[in-house]
Amino acid sequence: MEGFEFCYVDTLDHTVVTMTPEGRVESRIKKDKQKEGDTKDHATARVISRLGLEGWELVNGIGDVRPVFFFQRKVRS
(Lines give C-alpha, C1' and ligand atoms only; values in the text may rest on other atoms or scores of the structure.)
Protein backbone atom coordinates (compact mmCIF):
# COMPACT_ATOMS: atom_id res chain seq x y z
CA MET A 1 0.00 0.00 0.00
CA GLU A 2 1.24 3.47 -0.85
CA GLY A 3 0.86 6.38 1.54
CA PHE A 4 2.40 9.72 2.40
CA GLU A 5 4.60 11.15 5.09
CA PHE A 6 4.48 14.83 5.95
CA CYS A 7 6.72 17.59 7.25
CA TYR A 8 6.69 21.34 7.56
CA VAL A 9 9.28 24.08 7.77
CA ASP A 10 8.61 26.98 10.14
CA THR A 11 10.67 29.89 8.82
CA LEU A 12 10.24 32.02 11.95
CA ASP A 13 11.37 29.37 14.45
CA HIS A 14 13.80 27.88 11.90
CA THR A 15 12.57 24.34 12.54
CA VAL A 16 11.65 21.30 10.48
CA VAL A 17 8.92 19.08 11.92
CA THR A 18 8.35 15.61 10.48
CA MET A 19 5.34 13.48 11.32
CA THR A 20 6.19 9.79 11.50
CA PRO A 21 4.25 6.73 12.64
CA GLU A 22 6.39 6.90 15.79
CA GLY A 23 5.45 10.52 16.46
CA ARG A 24 6.55 14.07 15.85
CA VAL A 25 10.25 14.76 15.21
CA GLU A 26 11.47 18.37 15.43
CA SER A 27 14.90 19.57 14.37
CA ARG A 28 16.39 23.04 14.54
CA ILE A 29 17.90 24.66 11.46
CA LYS A 30 21.33 26.09 12.18
CA LYS A 31 23.46 28.39 10.11
CA ASP A 32 26.75 27.09 8.72
CA LYS A 33 29.52 28.62 10.82
CA GLN A 34 32.02 27.90 8.06
CA LYS A 35 30.15 30.10 5.57
CA GLU A 36 30.97 33.75 6.10
CA GLY A 37 27.84 35.89 6.36
CA ASP A 38 25.53 32.87 6.59
CA THR A 39 22.18 33.48 8.30
CA LYS A 40 19.41 31.25 9.62
CA ASP A 41 17.29 32.44 6.67
CA HIS A 42 19.95 31.21 4.22
CA ALA A 43 20.16 27.91 6.12
CA THR A 44 16.37 27.55 6.00
CA ALA A 45 16.40 28.12 2.22
CA ARG A 46 19.03 25.38 1.87
CA VAL A 47 16.88 23.00 3.92
CA ILE A 48 13.83 23.69 1.73
CA SER A 49 15.92 23.03 -1.38
CA ARG A 50 17.30 19.81 0.12
CA LEU A 51 13.78 18.58 0.89
CA GLY A 52 12.94 18.88 -2.80
CA LEU A 53 16.01 16.85 -3.74
CA GLU A 54 14.96 14.19 -1.22
CA GLY A 55 11.58 13.75 -2.92
CA TRP A 56 9.48 16.02 -0.72
CA GLU A 57 6.81 17.95 -2.66
CA LEU A 58 5.66 21.40 -1.52
CA VAL A 59 1.90 21.18 -1.05
CA ASN A 60 1.11 24.42 0.77
CA GLY A 61 2.68 27.57 2.13
CA ILE A 62 0.83 29.83 4.51
CA GLY A 63 1.40 32.96 6.53
CA ASP A 64 2.66 36.45 5.93
CA VAL A 65 4.16 37.10 9.34
CA ARG A 66 5.10 33.49 10.06
CA PRO A 67 5.61 31.60 6.77
CA VAL A 68 5.21 27.85 7.13
CA PHE A 69 5.76 25.45 4.22
CA PHE A 70 4.09 22.01 4.17
CA PHE A 71 5.59 19.06 2.27
CA GLN A 72 4.63 15.48 1.52
CA ARG A 73 6.28 12.52 -0.12
CA LYS A 74 5.15 9.04 -1.03
CA VAL A 75 6.22 6.10 1.09
CA ARG A 76 5.58 2.44 0.65
CA SER A 77 4.55 0.35 3.62
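Here the structure is a predicted model, which is why all the values come from computation and not from measurement.

Conventions and cut-offs
Residues numbered from 1 in each chain as written. Predicted model: local features only at pLDDT ≥ 70, side-chain atom pairs only at ≥ 80, totals over all residues. Heavy atoms only, no water. Helix = DSSP H or I, 4+ residues; strand = E, 2+ residues; numbered from the N terminus. Expected span 1.5 Å × (residues − 1). Buried < 20%, exposed > 50% of the residue type's maximum accessible area, 1.4 Å probe, protein only. Arc of directions from axis to C-beta. Phe/Tyr/Trp six-rings, centres within 6.5 Å; stacked < 30°, edge-to-face > 60°. Pairing = 2+ DSSP bridges.

Chemist: For this particular structure, what's the right way to read helix H1 (residues 40-53)?
Modeler: An α-helical turn contains 3.6 residues, so any two residues separated by three or four positions project in the same direction. The end-to-end C-alpha separation of H1 is 20 Å, in line with the 20 Å expected for 14 residues at 1.5 Å each. Buried within H1 we find Ala43, Thr44, Val47 and Leu51. Considered in projection along H1, the buried side chains sweep an arc of 100° and stay on one side of the axis. Exposed and facing more than 90 degrees away from the buried side of H1 are Asp41 and Leu53. Phi turns positive one or two residues past the end of H1, at Gly55, with a value near 95°.

Chemist: Just checking my understanding: could you explain the packing of aromatic side chains for this structure?
Modeler: Working definition: an aromatic ring pair is given by the centre-to-centre distance plus the angle between the planes. Tallying each qualifying case throughout the model produces 2 aromatic pairs. Where Phe4 meets Phe6, the ring centres are 6.4 Å apart and the plane angle is 35°; that geometry is what we call tilted. A residue is classified by how much of its surface remains accessible, and Phe6, at 37% relative accessible area, is partly exposed. The interplanar angle of 45° and the centroid separation of 5.6 Å between the aromatic rings of Tyr8 and Phe70 together place this pair among those described as tilted. One end of the pair, Tyr8, is in strand E1 (residues 2-10); the other, Phe70, is in strand E5 (residues 68-76), and 62 residues separate them in sequence.

Chemist: Looking at this structure, how should I read unusual backbone geometry?
Modeler: Positive phi, close to 55°, is recorded for His14, a residue that is not glycine. Its place among the elements puts His14 in the loop between E1 and strand E2 (15-20). Judged by its relative accessible area of 11%, His14 is buried.

Chemist: Just to check I follow, could you spell out the pairing of E2 for this structure?
Modeler: If a strand is regular, its side chains alternate between the two faces of the sheet. As judged from the 5 bridges shared by E1 and E2, these two strands associate in the antiparallel manner. When the bridges of E2 are listed, Val9 appears paired with Val16. Hairpin connection from E1 to E2: 4 residues lie between these consecutive antiparallel strands, with His14 at a positive phi of about 55°. Looking at chain direction, E2 and strand E3 (residues 23-28) are connected through 6 bridges and run antiparallel. Within E3, the residue paired with Thr18 across the bridge is Val25. Remark: 2 residues form the turn of the hairpin made by E2 and E3, two consecutive strands paired antiparallel.

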